[in-house]
Amino acid sequence: MLVKIFVSLKSGVLDPQGKAIERSLHTLGYGEVQDVRMGKYLELNVEASSHEAAESRIREMCEKLLANPVIEDYRFEIEG
Amino acid sequence: MRWGVIVFPGSCDDQDVFDTLKRDMGQKVKFLWHKDDLVGHFDCLVLPGGFSYGDYLRCGAVARFSPIMRGVVEFARQGGLVLGICNGFQILCESGLLPGSLVRNAGLQFVCQQVMLRVEETDTPFTCESKKGQLLKIPVKHGEGCYYADPATLERLRKNHQILLRYVDAKGRVSPSANPNGSLDNIAGVCNETRNVLGLMPHPEDACNMLLGSEDGRKIFSSIAAACAQREHRHA
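Residues numbered from 1 in each chain as written. Chains lettered and ligands numbered in written order. Predicted model: local features only at pLDDT ≥ 70, side-chain atom pairs only at ≥ 80, totals over all residues.

1. Comments concerning the overall build of chain B
- Helix and strand counts for chain B stand at five helices and 11 strands.
- In terms of C-alpha radius of gyration, chain B reaches 16 Å, essentially the compact-globule figure of 18 Å for 236 residues.
- For chain B, the spread of C-alpha atoms along the three principal axes comes to 45 × 40 × 40 Å.
- With 236 residues in all, chain B has 53% of them scored as buried.
- Sequence separation of at least 24 residues holds for 76% of the intrachain contacts in chain B that already meet a minimum separation of 6. (Helix = DSSP H or I, 4+ residues; strand = E, 2+ residues; numbered from the N terminus. Rg over C-alpha atoms; globule rule 2.2 N^0.38 Å. Buried ≥ 20, exposed ≤ 12 C-beta atoms within 10 Å, placed from the backbone. Contact = placed C-beta atoms within 7 Å.)

Shown next as structure tokens:
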């Protein structure tokens, strides 16, 4: 099954990249844009007997390696 | 005393640390390959700067799972001295040996410059030869050196006096303009609660010879050597 993982910076963590992107959007005339936060997106192909079985393994992967719980939050979607 | 310098794929200051310890400080030092287990007797392990595993995913995220890190964690738990410089600091944070994390510099630019550090605490093996408030001129060179910890962790660091080094101006004052990367509270270096693991972004190995513009980095290495000599003396 296809797993889509989204990793984002926690709200209190400075995100200078997001700020720079926001300024750039403003320069382009998109003044309505606020609070740009930049994150990471990962796609994984995972073999598992069920969604539940996959879920607990993916949560483990996220907490061990894919996200750093000190600075990042994560969420994921399972397809197929 | 014996020093070990751990070499990860992508380390690039391993040789600088090795040469500084050997030639400038007259120490016994050995390279340790990240894929090996930690064997032999060491007093201090150094995790050098660089871009271990290309900084993929997050700086230090992959290196913390290198085989040698199991030994490093155990060594630290038993009270062994561990010094993480720059990427080494990032690896120590990722591995949970140090609190907090290092994120992209606030100004987004890679910074490469001399900075002034103020020694905040002297009751550690890394700062015991310095005076409280002493200023050290040591260079930084990094893109992800902005120290972050959540408010509760930061409060604990202050309370336990774990902030050992801060970025300051030439007069020793903490100020936003003296902060090269946006680190919280101008933090340049923190130790663990048991005070045997230090991580810092500046490179003391690049400030041990006047050819490089400063010898202030010696204070860090000579403190460690003095602390180890004292430990040996106590155990003798």
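2. Here we look at the interface of chain A and chain B
- On the side of chain B, 14 residues touch chain A, which itself brings 10 residues to the contact.
- For the side of chain A that touches chain B, the element with the highest residue contribution is helix 1 (residues 16-27) of chain A, accounting for three residues.
- Tallied by class, the residues present in the side of chain A that touches chain B amount to seven nonpolar, three polar and no charged. (Nonpolar A, V, L, I, M, F, W, Y, C, P; charged D, E, K, R; others polar.)

3. Quick notes on helix 2 (residues 67-77) of chain B
All names here are of chain B.
- Restricting attention to buried positions, one finds in helix 2 the residues Ile-68, Met-69, Gly-71, Val-72, Phe-75 and Ala-76. Projected onto a plane normal to the axis of helix 2, the buried residues spread over an arc of 160° and lie on a single side. Of the residues in helix 2, the exposed ones pointing more than 90 degrees away from the buried face are Pro-67, Glu-74 and Arg-77.
- Buried residues in helix 2 make contact with strand 1 (2-7), strand 2 (28-33), strand 3 (44-47), strand 4 (81-85) and strand 11 (197-200).
- Residue Gly-79 follows helix 2 closely and has a positive phi angle near 100°. (Arc of directions from axis to C-beta.)

4. Looking at the sheet that holds strand 4 of chain B
Residue and element names in this part refer to chain B.
- Spatially, the nine strands line up as an open sheet ordered 2-1-3-4-11-10-9-6-7, and their pairing is mixed. With partners counted over all chains shown, the strands left at the sheet margins are strand 2 and strand 7 (135-142), one partner each. Here the average twist between neighbouring strands, direction ignored, is 25°.
- Bridge analysis of strand 10 (residues 187-191) against strand 11 gives three bridges, and the strand direction is antiparallel. Its bridge partner lying in strand 11, Cys-191 is registered against Leu-198.
- Sheet strands in contact with helix 3 (residues 87-94) are strand 3, strand 4 and strand 11, and its direction is about 120° off that of strand 4. (Pairing = 2+ DSSP bridges. Axes fitted to C-alpha atoms, helices over the stretch in contact; angles between N-to-C directions.)

5. Regarding the pairing of strand 2 of chain B
Residue and element names in this part refer to chain B.
- As judged from the six bridges shared by strand 1 and strand 2, these two strands associate in the parallel manner. The partner of Val-5 across the bridge, within strand 2, is Phe-31.
- After leaving strand 1, the chain enters helix 1 (residues 14-24) and then returns to the sheet as strand 2, a path that is right-handed. (Right-handed = clockwise from strand over helix to strand, strands pointing away.)

6. Re unusual backbone geometry
Residues and elements named next belong to chain B.
- Positive phi, normally seen in glycine, also occurs at Cys-86, with a value near 60°.
- Within the secondary structure layout, Cys-86 lies in the loop between strand 4 and helix 3.
- Of note in the backbone geometry, Asp-185 takes a positive phi value of approximately 60° without being a glycine.
- By the secondary structure assignment, Asp-185 is in the loop between strand 9 (163-168) and strand 10.
- The class for Asp-185 is partly exposed, based on 15 C-beta atoms found within 10 Å.

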